[in-house]
Number of protein chains: 2
Amino acid sequence: MTSPTEQFKVPSGFRLGSTTCGIKQSGTPDLALIHAPEGAAAAAVFTKNLLCAAPVIVGREHLAVSSGRVHAVIVNAGNANCATGDSGIAAAKKSCEAVAAALGVEPTQVIPSSTGVIGVPLPLEKLAGGIRPAIETAGDCPNCAERFARAIMTTDTRPKLASASIDVQGRTATVLGISKGAGMIHPQMATMLAYVITDVQATPEQLSRILGPVADRTFNRISIDGDTSTNDTLMLLASGKSDVSLESRAAQMKFGKAVEAICASLAEQMVRDGEGVKHLVKLQIQGARSEKEAEQIAGTIATSALVKTAWAGADPNWGRILAAIGRSGVGLDINKVDIDFGTLPICRQGRPVPFEEAQAHAYLAQPEFDISIRLNRGSRQITYLTCDLTADYVKINADYRT
Amino acid sequence: MTSPTEQFKVPSGFRLGSTTCGIKQSGTPDLALIHAPEGAAAAAVFTKNLLCAAPVIVGREHLAVSSGRVHAVIVNAGNANCATGDSGIAAAKKSCEAVAAALGVEPTQVIPSSTGVIGVPLPLEKLAGGIRPAIETAGDCPNCAERFARAIMTTDTRPKLASASIDVQGRTATVLGISKGAGMIHPQMATMLAYVITDVQATPEQLSRILGPVADRTFNRISIDGDTSTNDTLMLLASGKSDVSLESRAAQMKFGKAVEAICASLAEQMVRDGEGVKHLVKLQIQGARSEKEAEQIAGTIATSALVKTAWAGADPNWGRILAAIGRSGVGLDINKVDIDFGTLPICRQGRPVPFEEAQAHAYLAQPEFDISIRLNRGSRQITYLTCDLTADYVKINADYRT
């Protein structure tokens with residue numbers, strides 16, 4: 001898999017466009033387009049928040065009406081088009097109609113996405129004015145992918161991309177993932193917006209079967225601040241323009257692994273770029289009875305203000321971690337819990353073991369570290385990505401609007 | 001009810017003592033004693049965290065063995081005696097034995113309480129050295145109550161007291177409440193330590209019947225940072241030294257109301273003194289189908305990092321509140337939700353109403369404000385107290401130990 005610093009190949013059958021239409025006050029690019037001239041099979045996972053944005057509602061409807069065959073995805077940043085009522089729904093539909101008219105396809109073959117501030121009417125005229133430039137700039141050059149990634153950013157400081165190629169019986173297919181999101185990030189469908197495009201041959205049903213479990217193991221195992229976005233969207237689009245089909249079980253496995261690796265990379269990039277984040281924390285929950293209980297414990301630790309602020313100070317205050325485990329709702333025996341910071345034993349059977357405070361502090365002072373928690377009650381394990389809670393996070397979010 | 005600035009009458013039958021035994025590194029008072037020379041009926045509510053501190057385990061046992069008849073409560077600050085294993089249990093018991101020996105009572109008639117850092121062995125010798133001075137300084141002077149309140153503080157910046165007197169058929173009884181807690185505060189039994197003492201005549205069972213519901217309506221409806229302490233303890237002690245008994249339903253009602261008013265006052269004082277708190281927020285949840293669902297929604301709002309940081313910036317970002325409601329797990333219709341900031345309408349039926357941004361900002365810039373949320377699906381309502389999340393909270397908690 002290629003890393004974020006490399007250039008990214010756009011899979012055959014897709015063109016990525018982006019432009020500045022004036023929705024963001026910063027004057028930076030804020031409109032992006034995925035165009036599949038001959039169409040693509042599509043599957044999506046959306047937010048589970050009851051307050052879901054107009055583009056999520058319209059996107060679900062369009063995917064159903066078009067039976068998962070789409071020609072374009074139009075994405076704006078700077079405005080979430082959420083809590084905007086019937087006029088918000090109408091605006092999302094009109095943006096699809098405008099794209100459809102320009103491309104000569106059906107409006108239901110266009111999926112809308114929005115990200116940004118909640119409760120402000122979508123400036124439809126600005127968006128409409130950007131559609132033609134977005135189409136005209138669309139292409140399959142490596143820079144097109146990075147420009148697309150930048151145009152969907154809000155409080156992100158870096159574009160987020162990952163790609164992979166898979167080889168099935170001498171034939172090659174490409175998978176490219178692009179995402180954004182730095183705040184309001186927590187499971188129940190996590191990332192705000194993520195698109196994975198590929199040139200494999202696949203049906204919407206095949207894509208859907210792959211996407212759900214992948215989302216659960218990647219984007220649904222990260223937390224920056226515990227808030228679930230209203231606009232969370234993960235889409236998987238397949239143009240079928242490569243020679244690789246998903247007929248064989250082996251091809252399905254290879255493709256599924258590539259999609260999962262890309263989603264895992266994007267998820268990690270999002271946490272790394274989380275608002276105010278100084279430390280990326282990998283929680284290794286082991287010895288659980290189920291992945292669900294491991295997620296419940298990891299989620300409680302990852303949303304504990306006391307734990308996250310201790311991490312901000314590289315403070316080896318493991319008691320806060322144990323207290324979070326104790327209130328997670330999992331009925332475990334706290335006297336069986338072991339905790340390690342990296343390879344440093346910190347807690348055994350719920351009680352502290354002697355450790356060098358300075359050594360533990362130095363370990364936690366690193367920009368990235370592992371915390372292993374063994375529940376010693378089963379054989380399931382997960383990795384969950386999270387981060388610290390810093391004064392910078394507070395500053396970013398106290399000053400977002402006013 | 002008297003306010004925190006006034007002097008506080010100690011109910012008959014109790015003596016309050018305090019001293020500096022050297023557990024706190026700051027060298028400030030850190031040991032406090034409630035002494036009921038002729039005994040008191042007692043009831044208690046403890047933390048629901050599975051990681052519960054040794055004094056909670058021992059306190060539960062002593063209350064059971066003594067059938068709710070106690071002679072003393074010994075409280076230390078600076079060390080939680082939590083995650084300290086069997087030696088922690090032994091230390092808590094030994095502290096009770098030392099108090100019992102000095103007072104000539106049974107060890108099981110003494111209840112231990114601790115608050116402070118987790119996972120560090122309780123310095124028993126220091127504590128034991130303070131028992132005699134605590135007994136000798138104990139008295140019923142008004143200053144005794146405030147000194148007791150100061151001796152149990154950790155990151156609190158102010159002592160927290162409230163008192164009331166009740167009048168039943170011309171007879172008067174006194175109720176006095178003292179608490180501490182400024183971080184790790186969230187329902188499931190909320191405050192870290194709170195003691196309500198009174199001279200009414202009551203059985204442990206009568207006290208218990210009153211205390212549970214009062215805790216649910218007061219301490220369990222506040223949240224500072226969403227973390228549940230390992231040491232949370234609320235005790236109600238009655239010496240029976242007044243002429244007021246709880247035989248009549250009217251007397252029970254009056255006494256219950258006085259205890260609730262005191263607990264509500266202490267709970268509010270705790271949120272006001274929350275770590276880094278700049279704004280006290282009263283969430284009024286109305287039109288709910290049950291108090292439980294209202295609490296679930298209030299709890300989600302009160303623990304949202306995005307909502308709390310917006311409050312820190314006096315940012316009228318109501319969309320974050322609506323998004324928190326949407327992910328609360330209550331299956332409501334988000335299009336029926338109304339939100340007001342004080343008397344200023346902000347959101348009607350899930351959508352924004354035009355409001356003056358500057359006016360809303362000025363309202364939220366106040367040190368205390370109300371947010372009313374009408375769910376419009378039932379007739380139950382609650383008030384829930386919470387606060388903002390500031391950069392100061394992060395600083396306090398990032399630097400707590402190291």
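These figures come from a predicted structure and were not determined experimentally.

With that settled, consider the overall build of chain A. Within chain A one finds eleven helices and 14 strands. In terms of overall dimensions, chain A is globule-like: its C-alpha atoms have a radius of gyration of 22 Å, near the 21 Å expected for 402 residues. Considered along the principal axes of its C-alpha atoms, chain A spans approximately 70 × 55 × 35 Å. With 402 residues in all, chain A has 61% of them scored as buried. Long-range pairs, those at least 24 residues apart, make up 79% of the contacts in chain A between residues at least 6 apart in sequence.

Take the relation of the copies chain B and chain A next. It takes a turn of 180° to lay chain B on chain A, together with a shift of 0.0 Å along the axis; the resulting RMSD is 0.0 Å. Taken together, the rotation and translation relating the two chain copies correspond to the operation of a two-fold axis. Taking the C-alpha atom as reference, chain B places alanine 391 of chain B closest to the rotation axis, 2.2 Å from it. Interface residue correspondence from chain B to chain A reaches 100%, placing this contact among same-surface, isologous pairings.

The next subject is the interface of chain B and chain A. Listed as interface residues are 49 residues of chain B and, on the opposing side, 50 residues of chain A. Here the element with the most residues in the side of chain B that touches chain A is helix α9 (residues 318-326) of chain B; it accounts for six residues. A per-class count over the side of chain B that touches chain A returns 21 nonpolar, 20 polar and eight charged.

The tendency in soluble globular proteins is for nonpolar side chains to be buried as a group. The biggest cluster of nonpolar side chains holds 279 residues, and the ones touching the most others in it are Ala42 and Leu237 of chain A together with Ala42 and Leu237 of chain B. Beyond its immediate chain neighbours, meaning those up to four positions away, alanine 42 of chain B contacts Leu63, Gly68, Val70, Pro204, Leu207, Met235, Leu236 and Leu237 of chain B.

Moving on to the sheet that holds strand β11 (residues 344-348) of chain B. Backbone hydrogen bonds are what pair the strands of a sheet, in a parallel or an antiparallel way. All names here are of chain B. Across the sheet, which stays open at both edges, the six strands sit in the order β12-β11-β10-β13-β9-β14 with mixed pairing between neighbours. Two strands lie at the open edges of the sheet, namely β12 (351-352) and β14 (380-387), each paired on one side alone. Direction of pairing for strand β10 (residues 338-341) relative to β11: antiparallel, over a ladder of three bridges. Bridge pairing links aspartate 340 to proline 345 in β11.

A few words on unusual backbone geometry. Residues and elements named next belong to chain B. With a phi close to 50°, glutamine 169 is a non-glycine residue in the positive phi region. Its identity is not glycine, yet alanine 314 carries a phi of approximately 50°, on the positive side. Within the element layout of this structure, alanine 314 appears in the loop between α8 (305-312) and α9. Exposure remark for alanine 314: the 19 C-beta atoms within 10 Å place this residue in the partly exposed category.

With that settled, consider the packing of helix α8 (residues 305-312) of chain A against helix α11 (residues 391-398) of chain B. For the pair α8 of chain A and α11 of chain B, the least separation of the axes is 8 Å and the interaxial angle reads 70°. By the criterion of interaxial angle, the relationship of α8 of chain A to α11 of chain B is roughly perpendicular. Contacts between α8 of chain A and α11 of chain B involve Leu306, Thr309, Ala310 and Ala312 of chain A from the former and Val394, Asn397 and Ala398 of chain B from the latter. Looking at the contact of α8 of chain A with α11 of chain B residue by residue, the class counts come to five nonpolar, two polar and no charged.

This next bit is on the domain arrangement of chain A. All names here are of chain A. Considered domain by domain, chain A is made up of domain 1 (15-272) and domain 2 (280-398). Its C-alpha centre places domain 1 at a distance of 32 Å from the equivalent point of domain 2. Here the residues of the side of domain 1 that touches domain 2 are counted per class, giving five nonpolar, four polar and three charged.

Glancing now at the sheet that holds strand β9 (residues 280-288) of chain A. All names here are of chain A. Strand order across the open sheet formed by six strands is β12-β11-β10-β13-β9-β14, with mixed pairing between neighbours. With one partner strand each, in any of the chains shown, β12 (351-352) and β14 (380-387) form the two edges of the open sheet. Pairing of β9 with β14 involves seven bridges; the strand directions are antiparallel. Paired with leucine 283 across the strands is tyrosine 384, a residue of β14. Sitting on the sheet, helix α6 (residues 249-272) is in contact with β9 and β14, with an inclination near 40° to β14.

Residue and element names in this part refer to chain A. For valine 117, the location among the structural elements is in strand β4 (residues 110-117). On the basis of neighbour count, valine 117 is assigned to the partly exposed category, with 18 C-beta atoms found within 10 Å. On a C-alpha basis, the gap between valine 117 and cysteine 82 in space is 8.1 Å, while along the polypeptide they are 35 residues apart.

All right, on to the environment of threonine 390 of chain B then. By the element assignment, threonine 390 of chain B lies in the loop between β14 and α11. What makes threonine 390 of chain B buried here is the crowd of 24 C-beta atoms within 10 Å. Along the sequence, threonine 390 of chain B and alanine 310 of chain B sit 80 residues apart, while their C-alpha atoms lie 9.5 Å from each other. With residues near it in sequence (within four places) discarded, threonine 390 of chain B still touches Val394 of chain A together with Gly276, Lys278 and Ala312 of chain B.

Here the focus is the environment of leucine 344 of chain B. Residue and element names in this part refer to chain B. Its location among the elements puts leucine 344 in strand β11. The spatial distance from the C-alpha of leucine 344 to the C-alpha of leucine 211 is 37 Å, given a sequence separation of 133 residues. Excluding residues within four positions of it along the chain, leucine 344 makes contact with Phe355, Gln359, Ala360 and Tyr363.

Quick look at the packing of helix α7 (residues 291-302) of chain B against α9 of chain B now. Each pair of packed helices gets described by two things: the angle between the helix axes and the distance between those axes. Residues and elements named next belong to chain B. Interhelical geometry of α7 versus α9 gives an angle of 130° and a closest axis separation of 9 Å. By the angle class used here, α7 and α9 are oblique. Seen along the crossing, α7 lies across α9 with a hand that is right-handed. Contact residues: α7 offers Ile297, Thr300 and Ile301, while α9 offers Ile321, Ala324 and Ile325. For the contact of α7 with α9, the residue count by class is five nonpolar, one polar and no charged.

Among all positions of helix α4 (residues 142-151) of chain A, only Cys144, Ala145, Phe148, Ala149, Arg150 and Ala151 of chain A are buried. Where α4 of chain A is buried, its residues touch β1 (15-19), β2 (31-46), β3 (69-79), β5 (160-168) and β6 (171-180) of chain A.

Once that is clear, we can look at the confidence of the model for chain A. Confidence in the prediction of chain A, expressed as mean pLDDT, is 89, and 94% of residues score 70 or more. Interface predicted TM-score (ipTM) for the complex: 0.74; the corresponding pTM is 0.78.

Calculation notes
Residues numbered from 1 in each chain as written. Chains lettered and ligands numbered in written order. Predicted model: local features only at pLDDT ≥ 70, side-chain atom pairs only at ≥ 80, totals over all residues. Helix = DSSP H or I, 4+ residues; strand = E, 2+ residues; numbered from the N terminus. Rg over C-alpha atoms; globule rule 2.2 N^0.38 Å. Buried ≥ 20, exposed ≤ 12 C-beta atoms within 10 Å, placed from the backbone. Contact = placed C-beta atoms within 7 Å. Least-squares fit on C-alpha atoms with pLDDT ≥ 70 in both. Nonpolar A, V, L, I, M, F, W, Y, C, P; charged D, E, K, R; others polar. Core = buried A, V, L, I, M, F, W, Y, C linked by C-beta atoms within 7 Å. Pairing = 2+ DSSP bridges. Axes fitted to C-alpha atoms, helices over the stretch in contact; angles between N-to-C directions. Parallel < 35°, antiparallel > 145°, perpendicular 65-115°, else oblique. Domains from an automatic or database assignment. Left-handed = near helix turned anticlockwise from the far one by under 90°. pLDDT = per-residue confidence, 0-100.

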